[in-house]
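Letter by letter, the chains look like this.
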Amino acid sequence: MVPPHQSNTIDFDAAKLRRLGFSSAQQPGPLRALSLADLRRQLTLQLQTSLEADRILTLFFQEVRRLVPLDTLAYRNAGSDLRLEFGVSASHSASYRLSHEGEYLGEVVFRRGRRFDDQELGQLESLMACLLFPLRNALLYRAALRSALRDPLTDTGNRIAMDQALQREADRARRTLEPLSVLMLDIDHFKSINDRFGHGVGDEVLKAIATTLKADLRNIDLVFRYGGEEFLVLLSGTGQEAAAMIGERLRQAVEALQHLVEGQAIHLSISLGCATLAPGETVESLLRRADNALYNAKREGRNRLAFAG
Ligand SMILES: Nc1nc2c(ncn2[C@@H]2O[C@H](COP(=O)(O)OP(=O)(O)OP(=O)(O)O)[C@@H](O)[C@H]2O)c(=O)[nH]1
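Because the structure is predicted, anything quoted here is derived from the model rather than measured.

Calculation notes
- Residues numbered from 1 in each chain as written.
- Predicted model: local features only at pLDDT ≥ 70, side-chain atom pairs only at ≥ 80, totals over all residues.
- Heavy atoms only, no water.
- Pairing = 2+ DSSP bridges.
- Helix = DSSP H or I, 4+ residues; strand = E, 2+ residues; numbered from the N terminus.
- Axes fitted to C-alpha atoms, helices over the stretch in contact; angles between N-to-C directions.
- Contact = heavy atoms within 4.5 Å.
- Domains from an automatic or database assignment.
- Phe/Tyr/Trp six-rings, centres within 6.5 Å; stacked < 30°, edge-to-face > 60°.
- Buried < 20%, exposed > 50% of the residue type's maximum accessible area, 1.4 Å probe, protein only.
- Near = heavy atom within 4 Å.
- Polar contact = N/O pair within 3.5 Å; in protein donor to acceptor, adjacent residues only side chain to side chain.
- Areas by Shrake-Rupley, 256 points an atom, 1.4 Å probe, with all protein chains shown as cover.
- Nonpolar A, V, L, I, M, F, W, Y, C, P; charged D, E, K, R; others polar.
- Expected span 1.5 Å × (residues − 1).
- Bend = angle between axes of the 7 residues up to and from the residue.
- Core = buried A, V, L, I, M, F, W, Y, C linked by side-chain atoms within 4.5 Å.
- Parallel < 35°, antiparallel > 145°, perpendicular 65-115°, else oblique.

*Asks:* How would you sum up the sheet that holds strand β2 (residues 82–87)? Please name residues and give values.
*Replies:* In spatial order, the strands read β2-β1-β4-β3; together these 4 strands make up an open sheet with antiparallel pairing. Bordering the open sheet on either side are β2 and β3 (92–100), each of which pairs with just one other strand. Recorded for the sheet is a direction-independent mean angle of 15° between the axes of neighbouring strands. Of the pairings in the sheet, the one linking strand β1 (residues 72–77) to strand β4 (residues 103–112) comprises 5 bridges and is antiparallel in character. Paired with L73 across the two strands is F110, which belongs to β4. Against the sheet, helix α3 (residues 53–64) makes contact with β1, β2 and β4, and its axis sits at roughly 30° relative to β2, the strand it touches most. Of the strands in this sheet, β1, β2, β3 and β4 touch helix α4 (residues 118–149), which is tilted by about 50° from β3.

*Asks:* Could you give an account of the domain arrangement of the protein chain, with specific residues and numbers?
*Replies:* Each assigned domain of the protein chain is listed with its residue range as follows: domain 1 (14–145) and domain 2 (152–307). For domain 1 and domain 2, the distance between their C-alpha centres works out to 41 Å.

*Asks:* Kindly report on the packing of aromatic side chains, identifying the contributing residues and their values.
*Replies:* Going through the model one piece at a time under the given rule, you end up with 3 aromatic pairs. Summarising the aromatic geometry, the rings of F60 and F110 are spaced 6.5 Å apart at their centres and angled 45° between planes, so their arrangement reads as tilted. With F60 in helix α3 and F110 in strand β4, the pair connects residues that are 50 residues apart, well separated along the chain. Taking the relative accessible area as the measure of exposure, F60 reaches 1% and is therefore buried. Using a relative accessible area of 0% as the deciding quantity, one classes F110 as buried. Taken together through their ring pairs, the aromatic side chains of F60, Y96 and F110 make up a single cluster.

*Asks:* Account for the site of the ligand, naming residues and giving values.
*Replies:* Taken together, 16 residues sit near the ligand, with F190, K191, D203, R225 and R302 positioned nearest. Taking D203, its side chain carries an N or O atom lying 2.7 Å from a nitrogen atom of the ligand. The protein chains hide 67% of the 670 Å² of surface that the ligand would expose on its own. For the shell around the ligand, the elements supplying multiple residues, two or more each, are β7 (180–187), α6 (190–197) and α7 (199–216). For the shell around the ligand, the leading source of residues is α7, giving 4 residues. Class assignment of the residues belonging to the shell around the ligand gives a composition of 3 nonpolar, 5 polar and 8 charged.

*Asks:* Please give an account of α4 that cites residues and values.
*Replies:* Look at α4: 45 Å from first C-alpha to last across 32 residues, which is about the 46 Å you get at 1.5 Å a residue. When the local axis directions of α4 are compared, the greatest deviation, roughly 35°, occurs at L131, which is followed within four positions by the proline P134. Two to three positions downstream of the cap, the backbone nitrogen of Q119 sits 3.1 Å from a side-chain oxygen, assigning the N-cap of α4 to D117.

*Asks:* Tell me what's going on with the side chain of T154, and back it up with residues and numbers.
*Replies:* In this structure, T154 sits in the loop between β5 (150–151) and β6 (156–157). Exposure remark for T154: the relative accessible area of 3% places this residue in the buried category. Polar contacts involving the side chain of T154 include one to the side chain of D151, which spans 2.4 Å. Discounting chain neighbours no more than four positions away, the residues touching T154 are L206, K207, A210, K214, R225 and F231.

*Asks:* Hey, could you go over the pairing of β2 for me, with residue numbers and the actual values?
*Replies:* Of the pairings in the sheet, the one linking β1 to β2 comprises 6 bridges and is antiparallel in character. Among the inter-strand pairings, R76 is bridged to a residue of β2, identified as R83. Counting the residues between successive antiparallel strands, the hairpin from β1 to β2 contains 4 residues, one of them, D81, with a positive phi of roughly 60°.

*Asks:* I'd like to hear about the environment of N194, residue by residue, with values.
*Replies:* With respect to the helices and strands, the residue N194 is situated in helix α6. Separated by 11 residues in the primary sequence, N194 and V205 have C-alpha atoms spaced 9.6 Å apart. Each residue touching N194, except ones within four places of it in the same chain, is listed here: H199 and G202.

*Asks:* Summarise the nonpolar core; cite the residues concerned and give the values.
*Replies:* Formed by 34 residues in total, the largest nonpolar core has its most connected members in F60, F110 and L131. Contributing elements (two or more residues each) for this core: α2 (36–46), α3, β1, β2, β3, β4 and α4. Among the elements that line this core, the one with the most residues is α4, at 9 residues. Not counting the four nearest positions on each side in its chain, F60 is found in contact with L43, L47, L73, F110, L127, M128 and L131. In this structure, V233, V261, L268 and C274 belong to the second largest nonpolar core, which totals 28 residues.

*Asks:* Provide a residue-level description of the packing of α6 against α7, including the pertinent values.
*Replies:* One way to put it is that α6 packs onto α7 with a least axis distance of 7 Å and a crossing angle of 140°. On the basis of the axis angle, α6 is oblique to α7. Facing α6, whose interface residues are F190, I193, N194 and F197, α7 presents H199, V201, G202, V205 and L206. In terms of residue class, the contact of α6 with α7 is built from 6 nonpolar, 3 polar and no charged.

Here it is as structure tokens:
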């Protein structure tokens, strides 16, 4: 009797993948010269194994060098916030702006110590065709991840991103014994802005304040919108005194904002609660203390910073 279905199990372990032509990036050993056609076939298989732009370009750089000697591969895509560089810098370069049917996919730059000849440039162009679709998929994946973690109105991190970042940074602070502080901040009398000028203006004010906060902070500091008109600033490696200085700078920056509605500047201010992670403290307790401090800043008259007890 022949069964109607045959079921098989295949374990794609590292050895099997190697036999099928998928090599691991960590695999040591000398690079073997290949024909253009062989390399294109291998690249097509290998570049499908990841959705991370970093990994895809690392593999591409590693494999392309088997045919065309290269010192550097650089990749830039400002729209996707990507700037990657592999290898060591060199004087001669060949750069390519990649696009597919009008869709911009970034710029690739190859560098090395001597000029590229026409045959090599032809080979690089042919190999870049293998990069196109894996790279496009990686950019789409990156955009999807990004939008799942960002607040679209203010382009700050959302609540999910905040919870993840807080946990990650608190774990790191415990491990490294570095300080970690948060600033919880809330726009003063925001309801009356909505009531007087409408929700559209309220939204513009939220965007303007978020832009001011981001412009005033260093890159590694992270801003999240965790409620309607409430933001959290996560300050890694920052103790209470420095966090208060940063908070005060943010307060002044918002106060100095000239936000115009129908030609008239409206007065804006924020109140802030500042808390620093105590030894053994949980993230929930840190947030609770920052929230209490924010409540005190409001009660004491707004447009000010209060410390957590
Ligand atoms: N335009 C707009 N308004 C929002 C959004 N999310 C929340 N709000 C409004 O934010 C206001 C918050 O008001 P309250 O919590 O009373 O606080 P407040 O008026 O800022 O007063 P204090 O915080 O005590 O200074 C409410 O009117 C909400 O409707 C949003 O995405 N857009």
